[in-house]
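Structural overview
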Amino acid sequence: MELCAVAVVILLFIAVLKQFGILEPISVEDSGDADVELPTIRHQPEGLEQLLARTKFTKTELQSLYRGFKNECPSGLVDEETFTLIYSRFFPQGDASSYAHFLFDAFDADRNGALCFQDFAVGLSVLLRGTEQQKLKWTFDLYDVNKDGYVTKEVTVGNTGGLVGWGHPDGDLPAPCVPQDMLEIMKSIYAMMGHCTEPALGASAPAQHVELFFQKMDRNRDGVVTFEEFLATCQEDKDIMSSMQIFHNVL
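These numbers come from a predicted model, not from an experiment.

To continue, consider the pattern of salt bridges. Tallied over the full model, the rule gives five salt bridges. Salt-bridge contacts for K137 lead to D141; the nearest nitrogen and oxygen are separated by 2.8 Å. Residue K137 and its partner D141 are both found in helix α7 (residues 132–143); the two are separated by four residues, about one turn of the helix. Put simply, D237 and K216 hold a salt bridge, and the shortest N to O gap is 3.2 Å. Of this pair, D237 sits in the loop between α10 (227–235) and α11 (238–243) while K216 sits in helix α9 (residues 205–217), placing them 21 residues apart in sequence. A relative accessible area of 17% means that D237 is categorised as buried.

Written out as C-alpha coordinates, the structure reads:
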(Lines give C-alpha, C1' and ligand atoms only; values in the text may rest on other atoms or scores of the structure.)
Protein backbone atom coordinates (compact mmCIF):
# COMPACT_ATOMS: atom_id res chain seq x y z
CA MET A 1 0.00 0.00 0.00
CA GLU A 2 2.71 2.46 0.95
CA LEU A 3 4.34 2.50 -2.50
CA CYS A 4 1.05 2.51 -4.39
CA ALA A 5 -0.07 5.38 -2.18
CA VAL A 6 2.79 7.51 -3.44
CA ALA A 7 1.74 6.98 -7.04
CA VAL A 8 -1.89 7.77 -6.25
CA VAL A 9 -1.06 10.83 -4.19
CA ILE A 10 1.30 12.21 -6.83
CA LEU A 11 -1.42 11.77 -9.43
CA LEU A 12 -3.76 13.67 -7.14
CA PHE A 13 -1.06 16.31 -6.73
CA ILE A 14 -1.03 16.68 -10.51
CA ALA A 15 -4.81 17.07 -10.33
CA VAL A 16 -4.25 19.82 -7.77
CA LEU A 17 -1.92 21.57 -10.22
CA LYS A 18 -4.65 21.35 -12.84
CA GLN A 19 -7.04 22.86 -10.31
CA PHE A 20 -4.55 25.71 -9.97
CA GLY A 21 -4.48 25.96 -13.75
CA ILE A 22 -0.77 25.20 -13.75
CA LEU A 23 -0.99 22.17 -16.06
CA GLU A 24 -2.77 23.59 -19.08
CA PRO A 25 -3.07 21.50 -22.24
CA ILE A 26 -0.50 22.68 -24.77
CA SER A 27 -2.29 23.56 -27.99
CA VAL A 28 -1.16 24.71 -31.42
CA GLU A 29 -1.91 28.29 -30.39
CA ASP A 30 0.68 28.03 -27.62
CA SER A 31 3.46 27.82 -30.17
CA GLY A 32 2.71 31.40 -31.18
CA ASP A 33 4.14 32.55 -27.86
CA ALA A 34 7.43 30.80 -28.41
CA ASP A 35 9.36 34.05 -28.24
CA VAL A 36 7.72 35.28 -25.05
CA GLU A 37 10.11 35.33 -22.11
CA LEU A 38 9.01 34.67 -18.54
CA PRO A 39 7.78 38.08 -17.31
CA THR A 40 8.71 39.68 -14.03
CA ILE A 41 6.19 39.27 -11.20
CA ARG A 42 6.41 39.95 -7.50
CA HIS A 43 8.60 36.90 -7.05
CA GLN A 44 11.27 36.97 -9.77
CA PRO A 45 11.37 33.54 -11.46
CA GLU A 46 14.46 32.03 -12.96
CA GLY A 47 15.08 32.89 -16.59
CA LEU A 48 13.72 30.64 -19.28
CA GLU A 49 17.15 29.46 -20.38
CA GLN A 50 18.04 28.50 -16.80
CA LEU A 51 14.86 26.45 -16.41
CA LEU A 52 15.45 24.80 -19.77
CA ALA A 53 18.84 23.69 -18.44
CA ARG A 54 17.43 22.49 -15.08
CA THR A 55 14.35 20.66 -16.41
CA LYS A 56 13.41 18.31 -19.23
CA PHE A 57 10.59 20.51 -20.48
CA THR A 58 10.61 22.28 -23.81
CA LYS A 59 10.43 26.05 -24.11
CA THR A 60 6.76 25.85 -25.13
CA GLU A 61 5.91 23.55 -22.22
CA LEU A 62 7.59 25.85 -19.69
CA GLN A 63 5.75 28.86 -21.07
CA SER A 64 2.43 27.00 -20.87
CA LEU A 65 3.17 25.94 -17.29
CA TYR A 66 4.12 29.49 -16.38
CA ARG A 67 0.98 31.04 -17.83
CA GLY A 68 -1.18 28.78 -15.68
CA PHE A 69 0.95 29.44 -12.60
CA LYS A 70 0.93 33.21 -13.13
CA ASN A 71 -2.84 33.33 -13.60
CA GLU A 72 -3.54 31.47 -10.35
CA CYS A 73 -0.57 32.73 -8.32
CA PRO A 74 0.08 36.35 -9.33
CA SER A 75 2.40 36.85 -6.36
CA GLY A 76 4.62 34.10 -7.73
CA LEU A 77 4.42 32.07 -4.50
CA VAL A 78 2.11 29.41 -3.01
CA ASP A 79 2.26 29.06 0.76
CA GLU A 80 1.56 25.84 2.62
CA GLU A 81 -1.83 26.98 3.87
CA THR A 82 -3.11 27.60 0.33
CA PHE A 83 -1.58 24.37 -0.93
CA THR A 84 -3.18 22.37 1.89
CA LEU A 85 -6.58 24.01 1.39
CA ILE A 86 -6.73 23.06 -2.28
CA TYR A 87 -5.22 19.62 -1.76
CA SER A 88 -7.73 18.82 0.97
CA ARG A 89 -10.63 19.25 -1.44
CA PHE A 90 -9.70 15.90 -2.95
CA PHE A 91 -10.10 14.14 0.42
CA PRO A 92 -13.32 15.47 1.97
CA GLN A 93 -13.79 12.19 3.89
CA GLY A 94 -10.53 12.60 5.83
CA ASP A 95 -7.84 14.99 7.02
CA ALA A 96 -5.24 15.58 4.30
CA SER A 97 -3.35 18.33 6.11
CA SER A 98 -0.49 16.14 7.37
CA TYR A 99 0.18 14.47 4.03
CA ALA A 100 -0.16 17.81 2.24
CA HIS A 101 2.55 19.10 4.57
CA PHE A 102 4.90 16.27 3.59
CA LEU A 103 4.17 16.74 -0.10
CA PHE A 104 4.59 20.50 0.14
CA ASP A 105 7.90 19.99 1.91
CA ALA A 106 9.07 17.64 -0.86
CA PHE A 107 8.57 20.40 -3.44
CA ASP A 108 9.93 23.21 -1.27
CA ALA A 109 13.53 22.58 -2.27
CA ASP A 110 15.00 25.69 -0.65
CA ARG A 111 12.96 25.23 2.57
CA ASN A 112 11.67 28.81 2.60
CA GLY A 113 8.06 27.90 3.33
CA ALA A 114 6.69 28.84 -0.10
CA LEU A 115 6.58 27.23 -3.53
CA CYS A 116 7.65 29.33 -6.49
CA PHE A 117 7.41 28.52 -10.17
CA GLN A 118 10.87 26.98 -10.36
CA ASP A 119 9.99 24.67 -7.42
CA PHE A 120 7.02 23.38 -9.40
CA ALA A 121 8.90 23.17 -12.69
CA VAL A 122 11.92 21.33 -11.29
CA GLY A 123 9.82 18.95 -9.17
CA LEU A 124 7.43 18.17 -12.01
CA SER A 125 10.34 17.60 -14.37
CA VAL A 126 11.62 14.86 -12.05
CA LEU A 127 8.20 13.24 -11.63
CA LEU A 128 7.14 13.48 -15.27
CA ARG A 129 10.40 13.28 -17.22
CA GLY A 130 13.05 12.05 -14.78
CA THR A 131 14.84 8.72 -14.87
CA GLU A 132 13.52 5.85 -12.78
CA GLN A 133 16.28 6.45 -10.25
CA GLN A 134 15.45 10.18 -10.02
CA LYS A 135 11.77 9.42 -9.42
CA LEU A 136 12.63 6.87 -6.74
CA LYS A 137 15.00 9.33 -5.08
CA TRP A 138 12.20 11.91 -4.97
CA THR A 139 9.91 9.29 -3.39
CA PHE A 140 12.58 8.30 -0.86
CA ASP A 141 13.10 11.93 0.09
CA LEU A 142 9.35 12.25 0.66
CA TYR A 143 9.54 9.34 3.12
CA ASP A 144 12.70 10.73 4.76
CA VAL A 145 10.79 13.30 6.79
CA ASN A 146 13.67 14.64 8.87
CA LYS A 147 16.12 14.55 5.91
CA ASP A 148 18.84 12.56 7.67
CA GLY A 149 19.36 10.14 4.78
CA TYR A 150 17.45 7.26 6.42
CA VAL A 151 13.83 6.18 6.49
CA THR A 152 13.18 5.24 10.12
CA LYS A 153 10.27 3.78 12.06
CA GLU A 154 9.74 5.76 15.27
CA VAL A 155 11.27 6.16 18.73
CA THR A 156 10.51 4.63 22.10
CA VAL A 157 10.96 6.16 25.53
CA GLY A 158 13.32 4.17 27.77
CA ASN A 159 12.95 3.57 31.49
CA THR A 160 15.25 6.48 32.23
CA GLY A 161 13.11 8.82 30.19
CA GLY A 162 15.77 9.15 27.50
CA LEU A 163 14.71 8.98 23.87
CA VAL A 164 16.09 5.86 22.20
CA GLY A 165 16.23 5.70 18.41
CA TRP A 166 14.62 2.51 17.10
CA GLY A 167 17.39 1.08 14.94
CA HIS A 168 18.75 4.49 13.98
CA PRO A 169 22.53 4.48 13.34
CA ASP A 170 23.01 7.32 15.81
CA GLY A 171 21.55 5.31 18.73
CA ASP A 172 20.44 7.66 21.50
CA LEU A 173 19.06 10.83 20.03
CA PRO A 174 18.21 14.22 21.50
CA ALA A 175 14.65 15.43 21.10
CA PRO A 176 15.30 17.65 18.04
CA CYS A 177 16.64 14.62 16.14
CA VAL A 178 13.85 12.14 16.90
CA PRO A 179 13.28 9.96 13.78
CA GLN A 180 9.62 9.22 13.08
CA ASP A 181 9.63 9.09 9.30
CA MET A 182 7.63 6.08 8.22
CA LEU A 183 5.08 5.96 11.03
CA GLU A 184 4.26 9.65 10.56
CA ILE A 185 3.87 9.16 6.80
CA MET A 186 1.58 6.16 7.27
CA LYS A 187 -0.52 7.94 9.90
CA SER A 188 -0.96 10.86 7.52
CA ILE A 189 -2.06 8.55 4.68
CA TYR A 190 -4.65 6.84 6.88
CA ALA A 191 -5.89 10.19 8.18
CA MET A 192 -6.26 11.36 4.58
CA MET A 193 -8.20 8.24 3.61
CA GLY A 194 -10.61 8.76 6.48
CA HIS A 195 -13.50 6.32 6.59
CA CYS A 196 -13.44 5.37 2.90
CA THR A 197 -11.73 2.00 3.41
CA GLU A 198 -13.72 -1.23 3.52
CA PRO A 199 -13.51 -2.98 5.87
CA ALA A 200 -12.73 -0.29 8.38
CA LEU A 201 -9.10 -0.33 9.53
CA GLY A 202 -8.09 -0.32 13.17
CA ALA A 203 -5.81 2.09 14.96
CA SER A 204 -2.88 -0.32 14.59
CA ALA A 205 -3.06 -0.39 10.77
CA PRO A 206 -0.41 2.34 10.18
CA ALA A 207 2.12 0.56 12.40
CA GLN A 208 1.37 -2.76 10.69
CA HIS A 209 2.06 -1.24 7.28
CA VAL A 210 5.29 0.24 8.60
CA GLU A 211 6.37 -3.27 9.59
CA LEU A 212 5.51 -4.58 6.11
CA PHE A 213 7.48 -1.75 4.54
CA PHE A 214 10.56 -2.54 6.62
CA GLN A 215 10.28 -6.28 6.01
CA LYS A 216 10.45 -5.54 2.30
CA MET A 217 12.92 -2.66 2.22
CA ASP A 218 15.30 -3.13 5.15
CA ARG A 219 17.58 -5.58 3.40
CA ASN A 220 20.29 -5.81 6.09
CA ARG A 221 17.79 -5.73 8.99
CA ASP A 222 19.45 -2.85 10.83
CA GLY A 223 16.15 -1.06 11.51
CA VAL A 224 16.57 1.74 8.94
CA VAL A 225 16.18 1.95 5.16
CA THR A 226 18.84 3.71 3.11
CA PHE A 227 18.28 4.99 -0.40
CA GLU A 228 20.48 2.19 -1.74
CA GLU A 229 18.24 -0.41 -0.11
CA PHE A 230 15.10 1.38 -1.28
CA LEU A 231 16.42 1.65 -4.84
CA ALA A 232 17.54 -1.98 -5.06
CA THR A 233 14.24 -3.32 -3.71
CA CYS A 234 12.13 -1.14 -5.99
CA GLN A 235 14.16 -2.06 -9.06
CA GLU A 236 13.46 -5.74 -8.35
CA ASP A 237 9.69 -5.14 -8.22
CA LYS A 238 8.07 -5.04 -11.68
CA ASP A 239 4.87 -3.42 -10.38
CA ILE A 240 6.78 -0.58 -8.74
CA MET A 241 8.90 0.03 -11.81
CA SER A 242 5.91 0.04 -14.14
CA SER A 243 4.20 2.58 -11.87
CA MET A 244 7.13 4.93 -12.46
CA GLN A 245 5.97 5.31 -16.07
CA ILE A 246 2.42 6.45 -15.39
CA PHE A 247 3.36 10.12 -15.13
CA HIS A 248 5.33 10.41 -18.37
CA ASN A 249 2.50 11.57 -20.64
CA VAL A 250 0.64 13.78 -18.17
CA LEU A 251 1.86 17.01 -19.76
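This next bit is on the environment of E132. Mapping E132 onto the fold places it in helix α7. In this structure the C-alpha to C-alpha distance between E132 and S242, which are 110 residues apart in sequence, comes to 9.7 Å. The residues contacting E132, other than those within four sequence positions of it, are M241 and Q245.

This next bit is on the nonpolar core. The biggest cluster of nonpolar side chains holds 53 residues, and the ones touching the most others in it are M182, F213 and F230. The element contributing the most residues to this core is helix α8 (residues 181–193), with eight residues.

Attention now moves to α9. The first and last C-alpha atoms of α9 sit 18 Å apart over 13 residues, in line with the 18 Å expected at 1.5 Å per residue. Residues of α9 that are buried include every one of A205, P206, H209, V210, F213, F214 and M217, and no others.

It is worth spelling out the packing of aromatic side chains at this point. The final tally for this structure, using the stated rule, is 13 aromatic pairs. Between the aromatic rings of Y87 and F91, the centroid separation amounts to 5.5 Å while the plane-to-plane angle is 40°, which identifies the pairing as tilted. Taken as a pair, Y87 and F91 share a single burial class, namely buried. Among the aromatic residues, those joined into a cluster by ring pairs are Y66, F69, F107, F117, F120 and W138. In this arrangement the basic side chain of K137 is found over the ring face of F227, its NZ or CZ atom lying 5.8 Å from the centre.

Rules behind the numbers
- Residues numbered from 1 in each chain as written.
- Predicted model: local features only at pLDDT ≥ 70, side-chain atom pairs only at ≥ 80, totals over all residues.
- Heavy atoms only, no water.
- Salt bridge = Lys/Arg side-chain N within 4 Å of Asp/Glu carboxyl O.
- Helix = DSSP H or I, 4+ residues; strand = E, 2+ residues; numbered from the N terminus.
- Buried < 20%, exposed > 50% of the residue type's maximum accessible area, 1.4 Å probe, protein only.
- Contact = heavy atoms within 4.5 Å.
- Core = buried A, V, L, I, M, F, W, Y, C linked by side-chain atoms within 4.5 Å.
- Expected span 1.5 Å × (residues − 1).
- Phe/Tyr/Trp six-rings, centres within 6.5 Å; stacked < 30°, edge-to-face > 60°.
- Lys NZ or Arg CZ within 6 Å of the ring centre and 35° of its normal.

This is a description of form; function is not addressed.
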